[in-house]
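# Residue-level structure breakdown
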Amino acid sequence: MSESSSARLSVFKTYKLYVGGKFPRSESGRVYEVTDSKGKWLANAPLSSRKDARDAVVAARKAFGGWSGATAYNRGQILYRVAEMLEGRREQFVREVGEAEGLSKSKAAAVVDAAIDRWVWYAGWTDKIGQIVGGANPVAGPFLNLSTPEPTGVVTVVAPQDSSFLGLVSVIAPVIATGNTAVVIASEKAPLPALSLGEVLATSDLPGGVVNILSGKAGEMGPHLASHQDVNAIDLAGADAALAKELEIAAADNLKRVLRPQPVDDWSAAPGTARMTAFLETKTVWHPTGSLGAGGSSY
């Protein structure tokens, strides 16, 4: 029998974590089955461990200096590049999102298009957010002060459970648009679009470690990340009430910023700026004006 006439076996995709710009398997060697909305097996996803979470924090901290020090314009260029790369792999994500969320092809396509547009939207905000949350402050004296926003640092993100792609993008993009780095716990029941997003980020000029994507149980990794002394903030978007309370208590140990879960009826709605400003801190610098007295003379 010739090779051309023989039945072809499909090449199944091996999904891996995305940590530090690389694609490791879980150090524990564990995996778990991911199924579609009808219970059909889709793939085995890595079941991340506490060690994987620690490695992701190390990678995020290492990347923070370069990413936060990049110009806002450059960050915007890179976020726009992510949108470009997603556009080229649109059909793959339509299929994965449709399988993950039980959507028709047309509805899955609308979700993917909205996610791509969201990257573009946040790309446009990178060099503008400073204009709405910073500025020169009026001061009664021979000096002035300027307030400017700065990123908080390493942010742990518990991604939404039901919106495996648009919700995911909606919580990652604002974190990195403002110069933070992220450790993301993907949706436990639908992690495949998130793991595929790692492949896009790796080829979109985003420095390794800026975004790190873990799959597995938020209840297992979350407490370790929430209490980690080198994590500066946590977004509890995808945590249920019990887990959110546990993580918020753990986060108090080093006074992390905490963004509590907020019900979102429609992730495609205009997001506003709240998720960007949630992980920004304000630095104020004072400058003398050169005025010598009430008469207005100066040197």
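Figured I'd write up the structure that's included with this text.

## Topic: the overall build of the protein
Of the regular secondary structure elements, the protein holds 10 helices and 10 strands. For the C-alpha atoms alone, the extent of the protein along its principal axes is close to 100 × 40 × 35 Å. Intrachain contacts of the protein at a sequence separation of at least 6 include 76% that bridge at least 24 residues. Of the accessible surface of the protein, which amounts to about 14400 Å², a share of 54% is contributed by carbon and sulfur atoms. Distance between charge centres in the protein, computed from 30 positive and 30 negative side chains, equals 3 Å.

## With respect to helix 3 (residues 90–101)
For an α-helix, 3.6 residues make a turn, and residues three or four places apart therefore share a direction. The terminal C-alpha atoms of helix 3, which comprises 12 residues, lie 16 Å apart, in line with the 16 Å expected from a rise of 1.5 Å per residue. Buried within helix 3 are the following residues: Gln92, Phe93, Val94, Glu96, Val97, Gly98 and Ala100. Summarising the contacts, the buried residues of helix 3 are in contact with helix 2 (72–88), helix 4 (105–125) and helix 7 (192–202). Immediately downstream of helix 3, the backbone of Gly102 shows phi near 65°, a positive value.

## Looking at the sheet that holds strand 5 (residues 154–158)
In spatial order, the strands read 7-6-5-8-9; together these 5 strands make up an open sheet with parallel pairing. One side of each edge strand has no neighbouring strand; the edge strands of this open sheet are strand 7 (211–214) and strand 9 (257–259). Each neighbouring strand pair of the sheet contributes to a mean axis angle of 15°, computed without reference to strand direction. Running over the sheet, helix 6 (residues 166–177) touches strand 5, strand 6 (181–185), strand 7 and strand 8 (233–235) and is turned about 160° from strand 6. Its contacts with the sheet place helix 8 (residues 218–226) against strand 5, strand 6, strand 7 and strand 8, and it is angled at close to 150° to strand 6.

## Remarks on the packing of aromatic side chains
The tally for this structure, following the rule as stated, stands at 5 aromatic pairs. Between Tyr18 and Phe23, the ring centres sit 5.2 Å apart and the planes meet at 35°, which makes this aromatic pair tilted. Among the aromatic side chains, those forming a connected cluster through ring pairs are Trp121, Tyr122 and Trp125. The aromatic ring of Phe64 is capped on one face by Arg61, whose charged end is 5.7 Å from the ring centroid.

## As for the pattern of salt bridges
Under the defined criterion, the tally for this structure stands at 16 salt bridges. In this structure, the salt-bridge partner of Lys13 is Glu199, at a minimum N-O distance of 3.0 Å. Here Lys13, found in the segment before strand 1 (31–35), pairs with Glu199, found in helix 7; they are 186 residues apart in sequence, far enough to count as distant. Given the relative accessible area of 32%, Lys13 is considered partly exposed. Classification of Glu199 as partly exposed rests on a relative accessible area of 23%. Salt-bridge contacts for Lys217 lead to Glu188; the nearest nitrogen and oxygen are separated by 3.3 Å.

## So, the side chain of Gln92
Within the secondary structure layout, Gln92 lies in helix 3. When residues no more than four places from it in sequence are discounted, the contact partners of Gln92 are Lys13, Ser196 and Glu199.

## Observations regarding the sheet that holds strand 3 (residues 135–137)
Pairing between the strands of a sheet comes from backbone hydrogen bonds, and it takes one of two forms, parallel or antiparallel. With respect to topology, 3 strands assemble into an open sheet ordered 3-4-10, the strand pairing being antiparallel. For this open sheet the edge positions go to strand 3 and strand 10 (280–288), each flanked by a neighbour on one side alone. Geometrically, the sheet is characterised by an average inter-axis angle of 30° between neighbouring strands, direction not taken into account. The pairing of strand 3 with strand 4 (residues 143–151) spans 3 bridges and is classified as antiparallel. By the bridge assignment, Gly135 is partnered in strand 4 with Ser147.

## Structural notes on the environment of Ser26
Its location among the elements puts Ser26 in the segment before strand 1. In the structure, Ser26 is positioned 23 residues away from Ser49 in sequence and 6.8 Å away in space, judged by C-alpha atoms. Each residue touching Ser26, except ones within four places of it in the same chain, is listed here: Leu17, Pro46, Leu47, Ser48, Ser49 and Asp52. One polar contact links the side chain of Ser26 to the main-chain carbonyl oxygen of Leu47, over a distance of 3.1 Å.

## Side note on the nonpolar core
What tends to happen in soluble globular proteins is that the nonpolar side chains get buried as a cluster. Formed by 61 residues in total, the largest nonpolar core has its most connected members in Trp119 and Ile176. Broken down by element, the residue count for this core peaks at 10 residues, all from helix 4. When residues no more than four places from it in sequence are discounted, the contact partners of Trp119 are Leu79, Val82, Ala83, Leu86, Val169, Ile172, Ala173, Ile176, Leu197 and Leu201. Ranked by size, the runner-up nonpolar core spans 25 residues in total, among them Ala59, Val158, Ala226 and Leu236.

What counts, and at which threshold
Residues numbered from 1 in each chain as written. Predicted model: local features only at pLDDT ≥ 70, side-chain atom pairs only at ≥ 80, totals over all residues. Heavy atoms only, no water. Helix = DSSP H or I, 4+ residues; strand = E, 2+ residues; numbered from the N terminus. Contact = heavy atoms within 4.5 Å. Areas by Shrake-Rupley, 256 points an atom, 1.4 Å probe, with all protein chains shown as cover. Lys, Arg positive; Asp, Glu negative; His and termini not counted. Charge placed at Lys NZ, Arg CZ, Asp CG, Glu CD. Expected span 1.5 Å × (residues − 1). Buried < 20%, exposed > 50% of the residue type's maximum accessible area, 1.4 Å probe, protein only. Pairing = 2+ DSSP bridges. Axes fitted to C-alpha atoms, helices over the stretch in contact; angles between N-to-C directions. Phe/Tyr/Trp six-rings, centres within 6.5 Å; stacked < 30°, edge-to-face > 60°. Lys NZ or Arg CZ within 6 Å of the ring centre and 35° of its normal. Salt bridge = Lys/Arg side-chain N within 4 Å of Asp/Glu carboxyl O. Polar contact = N/O pair within 3.5 Å; in protein donor to acceptor, adjacent residues only side chain to side chain. Core = buried A, V, L, I, M, F, W, Y, C linked by side-chain atoms within 4.5 Å.

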